[in-house]
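# Notes for the structure review
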Amino acid sequence: MSAAERSNNVQDLEQFRLEVRDWLQDNCPESQRQPITPEEQYYGGRDSSFPSDDARIWFERMRDKGWICPEWPSEYGGGGLSPQQGKVIKEEMKAIRARAPLYGHGIWMLGPAMLEFGNEAQKQEHIRDILNGTIRWAQGYSEPGSGSDLASLQCKAEDKGDYYLVNGSKTWTTSADKADRIFCLVRTDPDAKKQEGISFLLIDMDDPGISTTPIELISGESEFCQTFFDDVKVPKKNLVGELNKGWSVAKALLVHERKLMSELGSDSPREIVVPNQAARQYLDFEDGKISDHELRSKLVEYDMEMHAIGLTHFRTFEEKIAGVRSAAPLIMKYAGTEAEKQKSELLLAIMGSQGLGWEGEGFNRAELDTLRLWAMSYAMTIAGGTSEVQLNLIAKNVLELPQG
Ligand SMILES: Cc1cc2nc3c(=O)[nH]c(=O)nc-3n(C[C@H](O)[C@H](O)[C@H](O)COP(=O)(O)OP(=O)(O)OC[C@H]3O[C@@H](n4cnc5c(N)ncnc54)[C@H](O)[C@@H]3O)c2cc1C
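Residues numbered from 1 in each chain as written. Predicted model: local features only at pLDDT ≥ 70, side-chain atom pairs only at ≥ 80, totals over all residues. Heavy atoms only, no water.

Moving on to the side chain of K341. Inspection of the secondary structure assignment puts K341 in helix 10 (residues 328–351). The buried category is assigned to K341, whose relative accessible area is 19%. Residues in contact with K341, not counting those within four places in the same chain, are S377, Y378 and T381. (Helix = DSSP H or I, 4+ residues; strand = E, 2+ residues; numbered from the N terminus. Buried < 20%, exposed > 50% of the residue type's maximum accessible area, 1.4 Å probe, protein only. Contact = heavy atoms within 4.5 Å.)

So this is what it looks like as structure tokens:
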């Protein structure tokens, strides 16, 4: 009987929870239980270094325990645990505010998609590298003319016998300049209907013919790149799934991306400021009530929204365990990212001018983070499919409304 099967009844899960709690107490360094800044996030990769010794120790302990991705199969380096056990680990980590030991497109997106669509050789070659943090991945989906209408993409891969020859460009590729490899959607049949001529390729960023140009943002930062492919030769073994059937892989991967986006708010790397607490600190009160009626109503609305989202997450998890097909995950990207936006707007309204600092004296860490998180909350309603496009999907696939 596997570790997962052994520990799924309530009693065993409670026992498991106690073991997890003890292990985390003994193994998670104190410094790794503090809110994390973006600079302290560890993404791994060939040229990576740890932001601190404690971050390295924490990563290595989690990796050796198999808890970087507890639910991935143990034969590829995962923990081999059940979703229920994975959830317990997540909850116990959250309870002590333990940081995620590793970030990145590998564990968030490529790994889960490859476990579903990759062949045995690909799983053996790539999954362990993702979990060990030795390879950092980027996502090559969007193109200058293909974002929401992703299936119109034009970056092409021609069959040249032993290899595919890739030409074209991808945009908004987050951290492509730091990544070791990129997973890409490419057009392999220009004559087929658009979704039917796309394939999913793995490409090494060191291959001749690949270059990246940073895209500078209004903040002065530049997390995005445009990535160019100029006669890049890609071995045929790097095709994931079937030729011209990459759209299925792409969609499955997007499900993981959107799930991640829907949960980002509760998993923020920075200090989490709860609007209710901020209200106590920054607002005027009359007879125990917030004197600004409008803000008071907005706070109540936000709390109700978060409660509903929390319950729906719980329902989604229970339905998944019970093998019930549910429409709930389809609405969660929209609901989760819009709620984050609502929260950021609320915090700015509560903090007033104290929430408007970008740098410098006179603002504490939480205040400076508020404006950054506000900007980020807008970005999250775009990444992985914009809110408008999510509403279209909900109208079509959940509500089954007639298409115009
Ligand atoms: C933080 C962040 C990280 C990202 N990282 C990556 C990455 O690593 N790799 C990658 O490949 N891409 C990445 N992206 C790109 C992202 O996937 C695209 O920005 C997104 O799919 C939208 O595409 P677009 O920017 O081309 O906008 P467009 O598709 O041009 O849309 C412009 C506007 O028109 C609206 N619109 C378009 N079509 C419709 C429609 N049918 N109905 C109603 N409204 C519509 C959109 O909602 C939007 O408001 C990232 C984006 C962000 C913000």
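For the coordinates displayed, the defined rule picks out 3 cavities of 30 Å³ or more. Quantified by volume, the second largest cavity comes out at close to 70 Å³. What lines the second largest cavity is simply Y43, L102, Y103, G104, H105, G106, I107, I130, G133, I135, R136 and W137. Top element by residues in the lining of the second largest cavity is helix 5 (residues 105–117). It accounts for 3 residues. Looking at the lining of the second largest cavity, its residues break down into 7 nonpolar, 4 polar and 1 charged. (1 Å grid on protein atoms, 1.4 Å probe; cavity = no way out; pocket = protein on both sides within 12 Å on 5 of 7 lines; lining within 4 Å. Points joined across faces, edges and corners; volume = space filled by probe spheres on them. Nonpolar A, V, L, I, M, F, W, Y, C, P; charged D, E, K, R; others polar.)

Moving on: the packing of helix 5 against helix 6 (residues 120–131). When two helices pack together, their arrangement is given by the angle between their axes and by how far apart the axes lie. As a packed pair, helix 5 and helix 6 sit with axes 10 Å apart at the nearest point and diverge in direction by 160°. In terms of orientation, helix 5 and helix 6 fall into the roughly antiparallel class. The handedness of the crossing between helix 5 and helix 6 comes out as left-handed. Taking contact as the criterion, the partners of G106, I107, L110, G111, M114 and L115 in helix 5 are, on helix 6, Q122, K123, H126, I127 and I130. For the contact of helix 5 with helix 6, the per-class residue count stands at 6 nonpolar, 4 polar and 1 charged. (Axes fitted to C-alpha atoms, helices over the stretch in contact; angles between N-to-C directions. Parallel < 35°, antiparallel > 145°, perpendicular 65-115°, else oblique. Left-handed = near helix turned anticlockwise from the far one by under 90°.)

Quick look at the UniProt feature "domain: Acyl-CoA oxidase/dehydrogenase middle" (unreviewed entry) in the chain now. Sequence positions flagged by UniProt for "domain: Acyl-CoA oxidase/dehydrogenase middle" (unreviewed entry) are, in local numbering, residues 138–232. Measuring from the first to the last C-alpha atom of residues 138–232 gives 17 Å, for a span that is 0% helix and 51% strand. (UniProt positions renumbered as here; feature names shortened; annotations may be inferred.)

What follows concerns the site of the ligand. Residues in close proximity to the ligand total 20 residues, the closest being S142, S148, T174, T386 and E388. S148 is positioned with one of its side-chain polar atoms (N or O) 2.7 Å from an oxygen atom of the ligand. Within the side chain of N392, an N or O atom sits 3.0 Å from a nitrogen atom of the ligand. Counting only elements with at least two residues in the shell around the ligand, the list comes to strand 1 (137–140), strand 3 (163–174), helix 11 (365–380) and helix 12 (387–398). The element contributing the most residues to the shell around the ligand is strand 3, with 4 residues. Along the lines of polarity and charge, the residues of the shell around the ligand split into 7 nonpolar, 12 polar and 1 charged. (Near = heavy atom within 4 Å. Polar contact = N/O pair within 3.5 Å; in protein donor to acceptor, adjacent residues only side chain to side chain.)

When the UniProt feature table is mapped onto this chain numbering, "domain: Acyl-CoA dehydrogenase/oxidase N-terminal" (unreviewed entry) sits at residues 14–133. Helix and strand shares over residues 14–133 are 54% and 0% respectively, and the end C-alpha atoms of the span are 31 Å apart.

Turning next to the pairing of strand 2 (residues 156–159). For a regular strand, the rule is simple: side chains alternate between the two faces of the sheet. For strand 2 and strand 3, the ladder comprises 4 bridges, and the chain directions are antiparallel. Directly across from K156, in strand 3, lies its bridge partner N167. Turn length for the strand 2-strand 3 hairpin, with the two strands adjacent in sequence and antiparallel, is 3 residues, and the turn residue G161 shows positive phi of about 90°. (Pairing = 2+ DSSP bridges.)

Moving on, we come to helix 2 (residues 10–27). Between the first and last C-alpha of helix 2 there are 25 Å, a value that for 18 residues agrees with the 26 Å anticipated at 1.5 Å per step. Buried within helix 2 we find L13, F16, R17, V20, W23, L24 and N27. For helix 2, the arc enclosing every buried residue in end-on projection is 135°, short of the 170-degree limit, so these residues lie on one face. In helix 2, the exposed residues that point more than 90 degrees away from the buried face are Q11 and D26. The elements touched by buried residues of helix 2 are helix 3 (53–65) and helix 4 (83–95). (Expected span 1.5 Å × (residues − 1). Arc of directions from axis to C-beta.)

Disulfides are covalent bonds that link the sulfur atoms of two cysteine residues. Per the counting criterion, the structure on display carries 0 disulfides. Lacking any disulfide linkage, C28 is separated from the closest cysteine sulfur, that of C69, by 17 Å. Classification of C28 as buried rests on a relative accessible area of 3%. Judged by its relative accessible area of 9%, C69 is buried. (Disulfide = S-S within 2.5 Å.)

Turning to the pairing of strand 4 (residues 181–187), a few remarks are in order. Among the 7 residues that make up strand 4, 7 are buried, leaving the element largely enclosed by the rest of the structure. Residues of strand 4 alternate between two faces, with R181, F183, L185 and R187 on one and I182, C184 and V186 on the opposite face, all of them buried. When strand 4 meets strand 5 (residues 198–204), the two strands line up antiparallel, connected through 7 bridges. Its bridge partner lying in strand 5, V186 is registered against S199.

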